Amino acid sequence: MTESVTAFALMITELLAAEFMFAHFLVRRNFFAVRFTGASAICLTISLWAATLYGLLTGENFTYGSGGNPGDSVFKFIYYIIVFVMTIGAVKFSWHGSIWSVLLYCSGGYAVQHFAWNLSSLICTIPPVAEIFGENAWLRFLTEAVVCACTYSAVYFIFIRKRSALDDAKDIRGKVLLFIAVIFICIGISRITTDNPDRNILSHIAESVSAIVSCVFILTILLDITGKERAQSEVRIMTELMRREKEQYRMTKENIDTINIKCHDLKHQIRALRENASEPYIKKLEDAVMFYDSAVKTGNDVLDVILTEKSLQFRQNGIVFTCMARGEDLKFMDSMDIYSLFGNALSNAFESVRGIRDKDRRCISVNARTEGKMLSVHIENFYDGEISFENGLPVTDKDRNYHGFGIKSMKYIAEKYGGYMNVTAENGIFELNFLFPLPEKDDNEQ
């Protein structure tokens, strides 16, 4: 009985550990340690109590993963499903997330645990190993624990660590139900085959291999789904950001045009006031008007709008901004691509520079020039602290599920026009470089 209880305790612990690993995708609830520890203890207590009670009532030794008692197959099938449902409840109780996301990740945890257990069972079944282990259950438990630890570590570092949670669980409901159905089928088949007293070693090996292949299939599909769903979610978010940028451009252009008109009118009114107002007062009014009458003229209306908007923001925050650009060189680009490219780049630069205490380092510069048949755009600013890179792009300490789309958007725009983007951050200087091939001029173009 002791060995059976140990086997069940090990199985439940392995399942909870696997689901804990997949719950990396989710956000922890308050008092997480208390919640997860308490929920895990409840799962273990109920599961072991049920297994022990069954053995006392039937007089049979209820064992995990072994045959010999075909009569308890139905109970085992129900028992394992209840255990799985309880662990799902423990995860839901300890992490934030929709029930569909929790079901998806718990399914992945079950597949990993089942894979590891069958792998250890396969190892222990190989004749040379089986002869060494003999009937020593504790050596089998040790082998199972080591195989699980190695399998979990490999799955986490290769497939899970750098992935993100799904943002929209509605699109995965059908796939989650499919996974749950496959898991129930695997449990049912396992009970039919494992509890068959007439099976031989070859049958045992075939069962383990079949279970391993099924688990690999489930994990492959699950990870493929999370990758595709994440990509689709990013497309939806970037589409929404582009829509907002388009609306923001329209409103900014209207506001800047209105400000310039008002400034023009105020200049004439200031001339009329000179006769009756003091010179210091007039000077103060002129400075205020000049602050807002700072429209940038590059020869490209869209670039003028974004540079004017940002230059006002920079001046209000004591940031020195220099710009050398010929807007005519950007005419091959779509208007909203220009607005998005420079808007995101300068917004990121502003976020980096405004926290610098040294006023002499609160600087941002833009240089766009044509070199032969290429357009070079160089944006540079100072920064404090450390900047981490992932896949050649800077990453933020903020929630990665909802940030970093500005960088991705700029990279997409660069590639859209056959160019490329390069980012460097060394010695306190952040540099963002774009290189675009200029389209061939039409023979009729002047």
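The residue numbers shown here count from 1 along each chain, following its written sequence. A pLDDT threshold of at least 70 governs which residues receive local features in this predicted model, and a stricter bar of 80 or more applies before side-chain atom pairs are shown or counted, although totals over entire chains, interfaces and linings include all residues. Think of the side-chain values as coming from all heavy atoms in the structure, minus any hydrogens and water.

1. Here's the deal with the overall build of the protein chain
Okay, so step 1: Assigned secondary structure in the protein chain consists of 12 helices and nine strands.
Okay, so step 2: Burial here depends on accessible area, computed with a 1.4 Å probe over protein chains only, as a share of the maximum for the residue type. Under 20% is buried, over 50% is exposed, and the range in between is partly exposed. Within the protein chain, buried positions represent 41% of all 446 residues.
Okay, so step 3: Any two residues having at least one pair of non-hydrogen atoms within 4.5 Å are treated as being in contact. Here the contacts in the protein chain between residues at least 6 apart in sequence split such that 74% fall between residues at least 24 apart.
Okay, so step 4: Carbon and sulfur atoms make up 60% of the accessible area of the protein chain, which totals about 24200 Å². Runs of E in the DSSP output that reach at least two residues are strands. Runs of H or I that reach at least four are helices, and both are numbered from the N terminus. Accessible surface area values rest on a Shrake-Rupley calculation with a 1.4 Å probe, where residue burial reflects the displayed protein chains alone.

2. Concerning the packing of aromatic side chains
Okay, so step 1: Here the aromatic set is Phe, Tyr and Trp, taking the six-membered ring for Trp, and pairing holds for ring centres within 6.5 Å; pairs whose planes are under 30 degrees apart are stacked, those over 60 apart are edge-to-face, and all others are tilted. Under the counting rule described, the total for this entry stands at 15 aromatic pairs.
Okay, so step 2: Between F32 and W95, the ring centres sit 4.7 Å apart and the planes meet at 65°, which makes this aromatic pair edge-to-face. Of this pair, F32 sits in helix 2 (residues 32-58) while W95 sits in strand 2 (residues 95-96), and the two are 63 residues apart along the sequence. Like F32, the residue W95 is buried in the burial classification.
Okay, so step 3: By way of ring pairs, the aromatic residues F20, F32, F36 and W95 are connected into one cluster.
Okay, so step 4: When the ring centre of F32 is taken as reference, the NZ or CZ atom of R28 above it lies at 4.2 Å.
Okay, so step 5: Distance and angle both matter: a charge sits over a ring if NZ of Lys or CZ of Arg is within 6 Å of the ring centre and within 35 degrees of the ring normal. Just above the ring of F93 sits the side chain of R35; from NZ or CZ to the centre is 4.5 Å.

3. Focus: the pattern of salt bridges
Okay, so step 1: Salt bridges are defined by distance alone: a side-chain nitrogen of Lys or Arg within 4 Å of a carboxyl oxygen of Asp or Glu. On inspection of all chains with the given rule, the structure shows six salt bridges.
Okay, so step 2: Here D337 makes a salt bridge to K416, at a shortest N to O gap of 2.8 Å. Residue D337 is found in helix 11 (residues 335-353), and its partner K416 is found in helix 12 (residues 405-416); the two are separated by 79 residues along the sequence.
Okay, so step 3: Judged by its relative accessible area of 3%, D337 falls in the buried class.
Okay, so step 4: Ionic pairing is found between R361 and D384, a salt bridge with its closest N-O pair at 2.8 Å. Note that R361 is positioned in the loop between helix 11 and strand 4 (363-371) and D384 in the loop between strand 5 (374-382) and strand 6 (388-390), a separation of 23 residues in sequence.
Okay, so step 5: Judged by relative accessible area, which is 45%, D384 ranks as partly exposed.

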